[in-house]
Amino acid sequence: MVEEISLKEIQRKVYMTFFEDGLWDIFLGLFILGWGLSILTEAVYLPGVFFTGIYFTIWGIKKWLTYPRIGYARFSATSRRRITARFIILGVVVMLVGVMVAVMWGIGKRPQWLADYFPLIFNGMLAAIVCLVAYWARVNRFYLHAALIFLGAVFHMWLGVRWEFGFIGAGSIIVLIGVGILVIFLRKYPKMVEEAQNSDRQ
Amino acid sequence: MIDSSGEVQESFTKIDKLIHEPSRYMLMAYLYVVEVADFLFLLRQTGMTWGNLSAHLSKLEAAGYVVIEKEFVGKKPHTTVRLTDQGRNAFEEYRGNMKRVLDNLPV
């Protein structure tokens with residue numbers, strides 16, 4: 001029995017329920033889409049607006065759509081601390097790299113290779129972050145999302161596709177994948193009401 | 001000093017029969033990895049029926065291994081379950097005993 005039911009496997013299953021509804025795919029897709037639109041329209045605030053706006057909307061939708069279907073579980077304090085620490089470290093690293101690039105750009109001392117390969121490096125960093133999320137949460141389809149994001153820069157560098165269209169294309173595909181997963185989720189899990197069935201406990 | 005077979009026997013007798021039941025072990029395992037879970041979450045994860053889940057949780061609650069809290073969210077009832085410290089310790093002890101038993105079995 002101990003060997004049959006591994007705690008790690010159970011923990012993995014619990015983590016995966018967090019991504020089962022496809023809402024985080026939609027969040028990522030819209031964020032990437034927002035990035036493309038911000039480059040296209042030169043509205044630099046768009047990614048920030050998309051990120052915060054969609055993030056809180058997703059939580060609201062989860063409460064209304066997901067929890068009545070598959071229930072809710074809160075990770076243990078240790079797990080929550082570990083997840084928070086990982087994202088803080090990730091955020092700090094990204095911020096430091098961003099500041100470094102901005103400073104080099106600002107003082108006109110950017111190396112030529114950075115200017116030449118900037119889209120590849122930028123998309124590569126975004127893809128690496130998505131890969132880390134895929135690895136930590138063990139949700140394999142996020143590797144595909146990372147590949148799509150990176151491909152946007154590859155198409156730009158070697159096929160001449162405009163950089164922003166790479167973001168818009170990748171974001172749209174990721175949103176579609178998320179919507180597909182959401183539809184499957186909604187069909188698989190009808191809403192359940194605790195009331196009648198659980199009345200025998202009262 | 002207890003020999004290997006004595007150790008196995010001792011570990012066998014220490015095995016918590018309440019947790020040993022597969023459905024309850026599964027419930028304890030889920031509650032061990034999360035801080036709190038609601039009734040629906042446990043239902044979906046374990047694949048049990050409402051009545052079955054309810055009955056097993058009642059037994060665990062009676063033993064002091066879990067705390068069941070009922071509240072209303074709007075007009076709908078919402079039941080949350082969490083492992084008590086006693087339940088957490090019992091689960092760890094059970095796993096330790098099972099491991100000892102299995103490790104000492106002849107291959």
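Computed from a predicted structure; not experimentally measured. (Residues numbered from 1 in each chain as written. Chains lettered and ligands numbered in written order. Predicted model: local features only at pLDDT ≥ 70, side-chain atom pairs only at ≥ 80, totals over all residues. Heavy atoms only, no water.)

Details of the overall build of chain B
Link 1 in the chain: When you go through chain B residue by residue, the secondary structure sums to six helices and three strands.
Link 2 in the chain: Along chain B, from the amino end to the carboxyl end, the secondary structure elements read α-α-α-β-α-α-β-β-α.
Link 3 in the chain: Relative to the globule expectation of 13 Å for 107 residues, the C-alpha radius of gyration of chain B, 16 Å, shows a markedly less compact shape.
Link 4 in the chain: Dimensions of chain B, computed from the C-alpha atoms along their principal axes, are close to 60 × 25 × 20 Å.
Link 5 in the chain: Per-residue burial for chain B yields a buried fraction of 48% across its 107 residues.
Link 6 in the chain: For chain B, restricting intrachain contacts to residue pairs at least 6 apart in sequence, the fraction spanning at least 24 positions comes to 55%.
Link 7 in the chain: When the 13 basic and 14 acidic side-chain charges of chain B are each reduced to a single mean position, those positions are 8 Å apart. (Helix = DSSP H or I, 4+ residues; strand = E, 2+ residues; numbered from the N terminus. Rg over C-alpha atoms; globule rule 2.2 N^0.38 Å. Buried < 20%, exposed > 50% of the residue type's maximum accessible area, 1.4 Å probe, protein only. Contact = heavy atoms within 4.5 Å. Lys, Arg positive; Asp, Glu negative; His and termini not counted. Charge placed at Lys NZ, Arg CZ, Asp CG, Glu CD.)

Observations concerning the pairing of strand E2 (residues 66–73) of chain B
All names here are of chain B.
Link 1 in the chain: With eight bridges joining them, E2 and strand E3 (residues 76–83) adopt antiparallel strand pairing. Its bridge partner lying in E3, Phe 72 is registered against Pro 77.
Link 2 in the chain: Joining the antiparallel neighbours E2 and E3 is a turn of two residues, in which Gly 74 adopts a positive phi near 70°. (Pairing = 2+ DSSP bridges.)

Considerations on the confidence of the model for chain B
Residue and element names in this part refer to chain B.
Link 1 in the chain: Mean pLDDT for chain B: 87, with 91% of residues reaching 70 or above.
Link 2 in the chain: Put simply, helix H1 (residues 4–14) is where chain B has its lowest mean pLDDT, 69, and helix H5 (residues 50–62) is where it has its highest, 94.
Link 3 in the chain: Here the predicted complex scores 0.80 on pTM and 0.75 on ipTM. (pLDDT = per-residue confidence, 0-100.)

Quick word on the sheet that holds E2 of chain B
Strand-to-strand pairing in sheets goes through backbone hydrogen bonds, with the strands running parallel or antiparallel.
Link 1 in the chain: What the four strands build is an open sheet, ordered E1(A)-E1(B)-E3(B)-E2(B); its pairing is antiparallel. Each edge of the open sheet carries a strand with a single partner, namely strand E1 (73–75) of chain A together with E2 of chain B. Ignoring strand direction, the axes of neighbouring strands in this sheet form an average angle of 20°.
Link 2 in the chain: Here two bridges tie strand E1 (residues 34–38) of chain B to E3 of chain B, and the two strands are oriented antiparallel to one another. (Axes fitted to C-alpha atoms, helices over the stretch in contact; angles between N-to-C directions.)

Quick look at the side chain of Asp 25 of chain A
All names here are of chain A.
Link 1 in the chain: Note on placement: Asp 25 falls in helix H2 (residues 23–41).
Link 2 in the chain: Among the residues examined, Asp 25 registers a relative accessible area of 0% and is labelled buried.
Link 3 in the chain: If we skip the residues at most four places from it in the chain, Asp 25 touches Phe 19, Arg 141, Phe 142, His 145, Ile 174, Gly 178 and Ile 181.

Topic: the packing of aromatic side chains
All names here are of chain A.
Link 1 in the chain: Applying the stated criterion to the full structure yields 26 aromatic pairs over all chains.
Link 2 in the chain: Between Trp 24 and Phe 27, the ring centres sit 5.4 Å apart and the planes meet at 85°, which makes this aromatic pair edge-to-face. In this pair, Trp 24 and Phe 27 are both assigned in helix H2, three residues apart and thus about one turn of the helix distant. By the burial criterion, Trp 24 is buried, and Phe 27 matches it. (Phe/Tyr/Trp six-rings, centres within 6.5 Å; stacked < 30°, edge-to-face > 60°.)

Structural notes on the interface of chain A and chain B
Link 1 in the chain: Counting residues at the interface gives 33 residues for chain A, matched by 34 residues for chain B.
Link 2 in the chain: Carbon and sulfur atoms supply 61% of the area buried between chain A and chain B, which totals about 3200 Å² over both sides.
Link 3 in the chain: Across the contact surface, chain A and chain B share two salt bridges.
Link 4 in the chain: A salt bridge links Glu 35 of chain B to Arg 80 of chain A; its shortest N-O distance comes to 3.3 Å.
Link 5 in the chain: Counting across the interface, chain A meets chain B through nine residue pairs in polar contact (both at pLDDT 80 or more).
Link 6 in the chain: When residues of the side of chain A that touches chain B are traced back to their parent elements, those giving at least two are helix H1 (7–17), helix H3 (46–70), E1, helix H4 (77–106) and helix H9 (194–197) of chain A.
Link 7 in the chain: If one sorts the elements of the side of chain A that touches chain B by residue count, H1 of chain A sits on top with six residues.
Link 8 in the chain: Within the side of chain A that touches chain B, the residues separate by chemical class into 17 nonpolar, seven polar and nine charged.
Link 9 in the chain: Pairing geometry for E1 of chain A and E1 of chain B, over three bridges, is antiparallel. Across the sheet, residue Arg 74 of chain A finds its bridge partner in E1 of chain B, namely Val 36 of chain B. (Buried area = accessible area lost by both parts, 1.4 Å probe. Salt bridge = Lys/Arg side-chain N within 4 Å of Asp/Glu carboxyl O. Polar contact = N/O pair within 3.5 Å; in protein donor to acceptor, adjacent residues only side chain to side chain. Nonpolar A, V, L, I, M, F, W, Y, C, P; charged D, E, K, R; others polar.)

Describing the side chain of Thr 66 of chain A
Link 1 in the chain: Mapping Thr 66 of chain A onto the fold places it in helix H3.
Link 2 in the chain: Its relative accessible area of 1% is what places Thr 66 of chain A among the buried residues.

Focus on the packing of helix H3 (residues 22–33) of chain B against helix H4 (residues 39–46) of chain B
All names here are of chain B.
Link 1 in the chain: Between H3 and H4, the shortest axis-to-axis distance is 11 Å and the interhelical angle comes to 125°. Classed by the angle they form, the pair H3 and H4 counts as oblique. In the crossing of H3 with H4, the sense of the turn from one axis to the other is right-handed. Residues Met 26, Leu 27, Tyr 30 and Leu 31 of H3 form the contact with H4, whose own contacting residues are Phe 41, Leu 42, Gln 45 and Thr 46. (Parallel < 35°, antiparallel > 145°, perpendicular 65-115°, else oblique. Left-handed = near helix turned anticlockwise from the far one by under 90°.)

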